[in-house]
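Take a look at the letters that make up each chain.
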Amino acid sequence: MTTPLIGVLALQGDVREHLIALASADAVARPVRRPEELAEVDGLVIPGGESTTISKLAELFGLMEPLRERIRAGMPVYGTCAGLIMLADKILDPRSGQETLGGIDMIVRRNAFGRQNESFEAAVEVAGVEGGPVEGVFIRAPWVESIGARAEVVAEHDGHIVAVRQGNALATSFHPELTGDHRVHALFVDMVRAAA
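Residues numbered from 1 in each chain as written. Predicted model: local features only at pLDDT ≥ 70, side-chain atom pairs only at ≥ 80, totals over all residues. Heavy atoms only, no water.

Visitor: Let's hear about the layout of surface pockets: which residues, and what values?
Guide: If you add up the space inside the largest pocket, you get close to 180 Å³. Lining the largest pocket we find 13 residues, and of these Gly-49, Glu-50, Cys-81, Ile-139 and Arg-140 sit closest to its centre. Residue composition of the lining of the largest pocket, grouped by class: 4 nonpolar, 6 polar and 3 charged. (1 Å grid on protein atoms, 1.4 Å probe; cavity = no way out; pocket = protein on both sides within 12 Å on 5 of 7 lines; lining within 4 Å. Points joined across faces, edges and corners; volume = space filled by probe spheres on them. Nonpolar A, V, L, I, M, F, W, Y, C, P; charged D, E, K, R; others polar.)

Okay, structure coming up:
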């Protein structure tokens, strides 16, 4: 596979920025809102936004179970911020009725880095990304409290886990799509190619 087809879950969040980042990393990128669109893609990005809202909209659009099935079957998936929360097997402080897709053996704390007005940018060394640190944009960002034996820490910031990988699943607390540096997306595109 030379040019993978990668979807961006387009229910809420910074969908356009992910589509641009994936295209610049040599993938064909398209929004995914329906189960039949999900069935066509080789991999999927779950963008930032509000994890409770994404969870409810995924249920409403009939995507929750198809997403879980594809992830369990090994479809490469990358979640940023709220997407990281969606990929967690467990949330420490879930909102009422909030569900996750699972896929990464990790426990996540929502909004751990603070509120909207405490958002910040920081240089983050990401394992598997060459050329020095990436600029991470942290907006009401979660962090990973702990991981299980199958998951691996890919990046830390200020003593907290901010990026994790488990098999074909990758998740970051921060938003690399907002910086113009598309190396994390290129890493994910390589993961999709390798899984094909």
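Visitor: Which residues make up the UniProt feature "active site" (unreviewed entry) in the chain, and what values go with them?
Guide: Following the UniProt record, the feature "active site" (unreviewed entry) maps to Cys-81, His-175 and Glu-177 here. These annotated residues cover 97 residues of sequence, but their C-alpha atoms sit close together, with the largest distance between any two at 11.1 Å. The annotated residues named above include Cys-81 and His-175 as those lining the largest pocket. Along the chain, the position of Cys-81 falls in the loop between β4 (77-80) and α5 (82-87). The exposure class assigned to Cys-81 is buried, which follows from its relative accessible area of 5%. Apart from residues lying up to four places away in sequence, Cys-81 is in contact with Gly-48, Ile-139, Arg-140, Ala-141, Pro-142, Thr-172, Ser-173, Phe-174 and His-175. In this view, Glu-177 contacts Asp-14, Glu-17, His-18, Thr-80 and His-185; residues no more than four positions away in its chain are not counted. There is a polar contact of 3.5 Å between the side chain of Glu-177 and the side chain of His-18. (UniProt positions renumbered as here; feature names shortened; annotations may be inferred. Helix = DSSP H or I, 4+ residues; strand = E, 2+ residues; numbered from the N terminus. Buried < 20%, exposed > 50% of the residue type's maximum accessible area, 1.4 Å probe, protein only. Contact = heavy atoms within 4.5 Å. Polar contact = N/O pair within 3.5 Å; in protein donor to acceptor, adjacent residues only side chain to side chain.)

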